[in-house]
Amino acid sequence: MTDISTIMTLLNNWLQPDRVRDYCPNGLQVEGRTSVRKILCGVTASEQLLDAAIEQGVDAVLVHHGYFWKGESAAIVGMKRRRIAKLLQHDINLIAYHLPLDIHPDYGNNAALATHLGFSVESRVKAGDVEGLLWQGALPQPMSVSDLSEHLANRLQRTPMIVGGDPGRVVSTVAWCTGGAQGFIDQAVSLGVDVYLSGEISEQTVHSAREQGIVYVAAGHHATERYGVQALGKALADSVDVEVRFFDGDNPA
């Protein structure tokens, strides 16, 4: 069992949230009990995850997508009220890190996805005014677009959407940014890579890929952001006296 203040000091020292301008508060978003023995981590603090946390009797949840996003209504009603009520009723801490978790070189979403998919890392560049948000490297080996699709489907357990490339085209270099980062496709083109991978796709992404000769992969927002919070949770469990579990709620997006 570990005091929540000790956990938050450790996490904030690792992720340094004050160095990033974000769309939400990072760190402890909803305060619960002081002593923490069990933590449930996941991609999003959905009601489904909270119900699992209550059932498992955890003391804190650690997620990438928390609450209180810039531009949303401040009123605590409806879905937001139900979520926060469950946290308060069961005295569960909500800990969330958004961009700081995306960019962390060891525990971040981009780092963990690279490890999971076998990508080598060559550089991390600024994107969207955030240092180190767009990553560049190489695939495990040169492969056809068709083989890349199969590799990703096997590793992510989700069929990716791929545009801009003939199935037989051989590709070897890649840039990536997890989640909803399809807007960085033009920057990926400027890096000279064969493939750009993110989580989502927009209408204009298709045209950008086709007209600029890059293969674009939409591998799933949820699917690409499963791994950072698991890496962070493991590092936390290795450092303090807590048990950390992962909840993978179904989300096809």
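Provided above is the structure to which this section pertains.
Given the structure is predicted, the values throughout are model-derived calculations rather than measurements. (Residues numbered from 1 in each chain as written. Predicted model: local features only at pLDDT ≥ 70, side-chain atom pairs only at ≥ 80, totals over all residues. Heavy atoms only, no water.)

J.: Whenever I open this one, the environment of Asp59 confuses me. Can you help?
T.: Secondary-structure assignment places Asp59 in the loop between helix H2 (47–56) and strand S5 (60–65). If we skip the residues at most four places from it in the chain, Asp59 touches Arg33, Ser35, Val36, Arg37, Lys38, Asp91, Ile92 and Asn93. In this structure the side chain of Asp59 is engaged in a polar contact, spanning 2.8 Å, whose partner is the side chain of Arg33. (Helix = DSSP H or I, 4+ residues; strand = E, 2+ residues; numbered from the N terminus. Contact = heavy atoms within 4.5 Å. Polar contact = N/O pair within 3.5 Å; in protein donor to acceptor, adjacent residues only side chain to side chain.)

J.: Looking at this structure, how should I read the sheet that holds strand S12 (residues 215–218)?
T.: Strands pair in a sheet through their backbones, by hydrogen bonds, and they do so in one of two ways: parallel or antiparallel. Strand order in the open sheet formed by six strands is S7-S8-S10-S11-S12-S9, with mixed pairing between adjacent strands. Pairing within the sheet leaves two strands with one partner each, and these edge strands are strand S7 (120–127) and strand S9 (161–163). Here the strands of the sheet are splayed against their neighbours by 25° on average, with no regard to which way each runs. Pairing geometry for S9 and S12, over three bridges, is antiparallel. Pairing of Met161 across the sheet is with Ala218, part of S12. Its contacts with the sheet put helix H5 (residues 109–117) on S7, strand S8 (130–144), strand S10 (170–176) and strand S11 (195–198), and the angle it makes with S8 is roughly 5°. (Pairing = 2+ DSSP bridges. Axes fitted to C-alpha atoms, helices over the stretch in contact; angles between N-to-C directions.)

J.: Help me out: how do you make sense of the side chain of Thr178 in this one?
T.: The topology assignment puts Thr178 in the loop between S10 and helix H7 (185–191). Within the local environment of Thr178, its side chain forms a polar contact with the side chain of Asp102, the two groups lying 3.5 Å apart. Within the structure, Thr178 has its side chain in polar contact with the side chain of Glu225 (distance 3.0 Å). Excluding its chain neighbours within four sequence positions, the residues that come into contact with Thr178 are Asp102, Asn109, Asn110, Leu113, Ser198, Gly199, Thr224 and Glu225.

J.: Honestly, the pattern of salt bridges in this entry has me stumped. Any pointers?
T.: Think of it this way: side chains of opposite charge can pair up when their charged atoms draw near. Overall, the coordinates contain eight salt bridges when judged by the stated rule. The partner of Glu243 in a salt bridge is Arg245, and the shortest N-O contact between them spans 2.6 Å. Each member of the salt-bridge network shares a partner with another, and the members are Glu47, Asp51, Arg82 and Lys86. (Salt bridge = Lys/Arg side-chain N within 4 Å of Asp/Glu carboxyl O.)

J.: Honestly, helix H6 (residues 145–156) in this entry has me stumped. Any pointers?
T.: Residue pairs spaced three or four apart in an α-helix point in one direction, given the helix's 3.6 residues per turn. For H6, spanning twelve residues, the distance from its first C-alpha to its last is 16 Å, which sits close to the expected 16 Å at 1.5 Å a residue. Taken together, the buried positions of H6 are occupied by Val145, Leu148, Leu152, Ala153 and Leu156. All buried residues of H6 fall inside an arc of 135° around its axis, so they share one side. With its phi angle positive at about 55°, Gln157 sits one or two positions after the end of H6. (Expected span 1.5 Å × (residues − 1). Buried < 20%, exposed > 50% of the residue type's maximum accessible area, 1.4 Å probe, protein only. Arc of directions from axis to C-beta.)

J.: When you look at the packing of aromatic side chains in this model, what are you seeing that I'm missing?
T.: Describing an aromatic ring pair means giving the distance of the ring centres and the angle of the ring planes. Counted under the stated rule, the structure contains five aromatic pairs. Ring centres 6.2 Å apart and planes at 45° place the aromatic pair Trp135 and Trp176 in the tilted group. Of this pair, Trp135 sits in strand S8 while Trp176 is found in strand S10, placing the two residues 41 residues apart along the sequence. The same class applies to Trp135 and to Trp176, which are both buried. Taking the centre distance of 5.7 Å and the plane angle of 45° together, the rings of Tyr196 and Tyr216 count as tilted. Of this pair, Tyr196 sits in strand S11 while Tyr216 sits in strand S12, and the two are 20 residues apart along the sequence. Classification of Tyr216 as buried rests on a relative accessible area of 0%. Through a chain of ring-to-ring contacts, the aromatic side chains of Phe119, Trp135 and Trp176 assemble into a single cluster. Stacked on the ring of Trp135, the Lys or Arg Arg124 has its end atom at 5.4 Å from the ring centre. (Phe/Tyr/Trp six-rings, centres within 6.5 Å; stacked < 30°, edge-to-face > 60°. Lys NZ or Arg CZ within 6 Å of the ring centre and 35° of its normal.)

J.: What is the right way to read the sheet that holds S5 from this model?
T.: Within the open sheet, the five strands sit side by side as S2-S6-S5-S4-S13. Their pairing is mixed. Where the open sheet ends on each side, the last strands, each with one partner, are strand S2 (27–30) and strand S13 (243–246). The average angle at which neighbouring strand axes cross in this sheet is 30°, direction not considered. Two strands pair when backbone bridges link them, and S5 and strand S6 (residues 93–96) are joined in this way by four bridges, in the parallel orientation. Within S6, the position partnered with Val63 by the bridge is Ala96. Contacts from H2 reach strand S4 (38–44), S5 and S13 within the one sheet, and its direction differs from that of S4 by about 170°.

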